[in-house]
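# Observations on the model geometry
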Amino acid sequence: MASVTANSRMIYAFSRDGAVPGSAFWHRVNKRTRTPTNAIWLAAAGAFLLGLPYLWNYTAYAAVTSIAVIGLYIAYVLPTFLRLRQGESFQRGPWHLGRWSMPVGIIAVTWVAIITVLFMLPQVSPVTWLTFNYAVFAVLAVIGFAGIYWLVSARKWFIGPRVQGTAEELAAIEHALEV
């Protein structure tokens, strides 16, 4: 459920920014529940499809849960890593950790690197074709697809996140939901 919740939020945010095929559909907010139910159903369907191989093979379940954990960790730590790369040239916002920003960032990135390796290790011994943890290939495939998609297409049109949340925008959304 945590993965479905996080994934549906990301689907909604990326579709709001126009970064997902079919963005207008996935970004739609349900007038009755005032939630992005299309994004939630997409996340739930994706989780269901990823979980189906567990019916035939426990190793598949281990790989799926590993992929989910690794994906979330990488997604959450990537901004921290990019901030660390900026060093002192990074322009801080109103809330920050002050002198603790760098040490906490380094610990976070190090932790994610360690946990990523741990979640990619096989979970049973001996390692065979049936017990191998294929999470490493899945993570590399997703990162490879995203990288190629960025280089071939998205870098030409994607301008970044769209700010949503001014009083006028929220009033317009509320009005649209009520109509």
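Residues numbered from 1 in each chain as written. Predicted model: local features only at pLDDT ≥ 70, side-chain atom pairs only at ≥ 80, totals over all residues. Heavy atoms only, no water.

## A few points about the pattern of salt bridges
Rules: Salt bridges, as used here, are contacts in which a Lys or Arg side-chain nitrogen is within 4 Å of a carboxyl oxygen on Asp or Glu. Burial classes: relative accessible area under 20% of the type maximum marks a residue as buried, over 50% as exposed, and values in between as partly exposed (1.4 Å probe, protein chains only).
Overall, the coordinates contain one salt bridge when judged by the stated rule. One salt bridge in this structure joins Asp17 and Arg16, with 3.0 Å as the shortest N-O distance. Given the relative accessible area of 21%, Arg16 is considered partly exposed.

## Observations regarding a nonpolar patch on the surface
Quick note on the threshold: Note on patches: the residues involved have over 30% relative accessible area and no salt bridge, like charges join within 9 Å, and the nonpolar side chains Val, Leu, Ile, Met, Phe, Trp and Tyr join within 5 Å. Here, Shrake-Rupley sampling with a 1.4 Å probe gives the accessible areas, and only protein chains in the shown set may cover a residue. Numbering goes from the N terminus for both helices and strands, where a helix is a DSSP run of H or I of at least four residues and a strand is a run of E of at least two.
Side chains of Trp95, Leu97, Trp100 and Val104 sit close together on the surface and give an oily, nonpolar patch of about 480 Å² of accessible area. Looking at the element boundaries, Trp95 is found in the loop between helix 4 (58-86) and helix 5 (101-120).

## Observations concerning helix 6 (residues 135-157)
Spelled out, the test is: In this analysis, the expected span of each helix is defined as 1.5 Å times one less than the number of residues it contains. In this analysis the local bend is the angle between axes fitted, respectively, to the seven residues ending at and the seven residues starting at the residue. The contact criterion used is simple: two residues touch if any of their non-hydrogen atoms lie within 4.5 Å.
The terminal C-alpha atoms of helix 6, which comprises 23 residues, lie 31 Å apart, in line with the 33 Å expected from a rise of 1.5 Å per residue. The sharpest bend along helix 6 reaches about 60° and sits at Trp150. For helix 6, the set of buried residues is Ala135, Val139 and Ala154. Close packing links the buried residues of helix 6 with helix 4 and helix 5.

## Regarding the packing of helix 1 (residues 2-16) against helix 4
This is how it is decided: A fitted line through C-alpha atoms represents every axis, and for helices the fit uses only the stretch in contact; the resulting angles, taken between N-to-C directions, go from 0 to 180 degrees. Note that the term roughly parallel is reserved for angles under 35 degrees, roughly antiparallel for angles over 145, roughly perpendicular for angles of 65 to 115, and oblique for everything else. The crossing is said to be left-handed when, going from far helix to near helix, the turn is anticlockwise and less than a right angle, and right-handed when the turn is clockwise.
At their nearest, the axes of helix 1 and helix 4 sit 11 Å apart, and the two run at 45° to each other. As the angle between them shows, helix 1 and helix 4 are arranged oblique. Note on packing geometry: the crossing formed by helix 1 with helix 4 is left-handed. Touching Ser3, Ala6 and Met10 of helix 1 are Ala68, Leu72 and Tyr76, all from helix 4.

## Section: the nonpolar core
To keep things clear, this is the line we draw: Here, nonpolar core means buried Ala, Val, Leu, Ile, Met, Phe, Trp, Tyr and Cys residues that are tied together by side-chain atoms lying within 4.5 Å of each other.
Core analysis: the biggest nonpolar cluster contains six residues, these being Val4, Ile11, Tyr12, Trp26, Ala39 and Ala43. Of all the elements in the fold, those that place two or more residues in this core are helix 1 and helix 3 (37-51). Considering each element in turn, this core owes the most residues, three residues, to helix 1. Excluding residues within four positions of it along the chain, Ala39 makes contact with Ser8, Ile11, Tyr12 and Trp26.

## With respect to the confidence of the model for the chain
Applicable threshold: Here pLDDT means the predictor's own confidence in every residue, given as a number from 0 to 100.
Looking at the chain as a whole, the pLDDT averages 87, with 100% of positions reaching at least 70. Element-level pLDDT for the chain is lowest in helix 7 (residues 167-178), with a mean of 80, against a maximum mean of 94 in helix 5.

## Describing the environment of Ala45
For Ala45, the position within the fold is in helix 3. Accessibility expressed as a relative area gives 37% for Ala45, which makes it partly exposed.

## Regarding the packing of aromatic side chains
For the record, the criterion: The criterion for an aromatic pair is that two Phe, Tyr or Trp rings (for Trp, the six-membered ring) have centres within 6.5 Å, with stacked assigned to planes under 30 degrees apart, edge-to-face to planes over 60 apart and tilted to the rest.
Overall, the coordinates contain six aromatic pairs when judged by the stated rule. Where Phe132 meets Tyr134, the ring centres are 5.0 Å apart and the plane angle is 70°; that geometry is what we call edge-to-face. Accessibility expressed as a relative area gives 26% for Phe132, which makes it partly exposed. Aromatic pair Phe132 and Phe137: ring centres 5.9 Å apart, planes at 40°, arrangement tilted.

## A closer look at the side chain of Ser66
We count it as follows: Pairs of N or O atoms are called polar contacts if they sit within 3.5 Å, as long as, within protein, a hydrogen donor faces a hydrogen acceptor (for residues adjacent in sequence, only side-chain-to-side-chain pairs).
In this fold, Ser66 is placed in helix 4. On the accessibility criterion, Ser66 (0% relative accessible area) is buried. Within the structure, Ser66 has its side chain in polar contact with the backbone oxygen of Phe119 (distance 3.0 Å). Setting aside chain neighbours within four positions, we find Ser66 in contact with Phe119, Gln123, Asn133 and Ala135.

## Some details on helix 5
Each α-helix winds once per 3.6 residues, and so residues spaced three or four apart point in a common direction. Relative to the 28 Å expected for 20 residues at 1.5 Å per residue, helix 5 spans 29 Å between its end C-alpha atoms, a close match to the ideal helical length. In the core, the buried residues of helix 5 are packed alongside helix 4.

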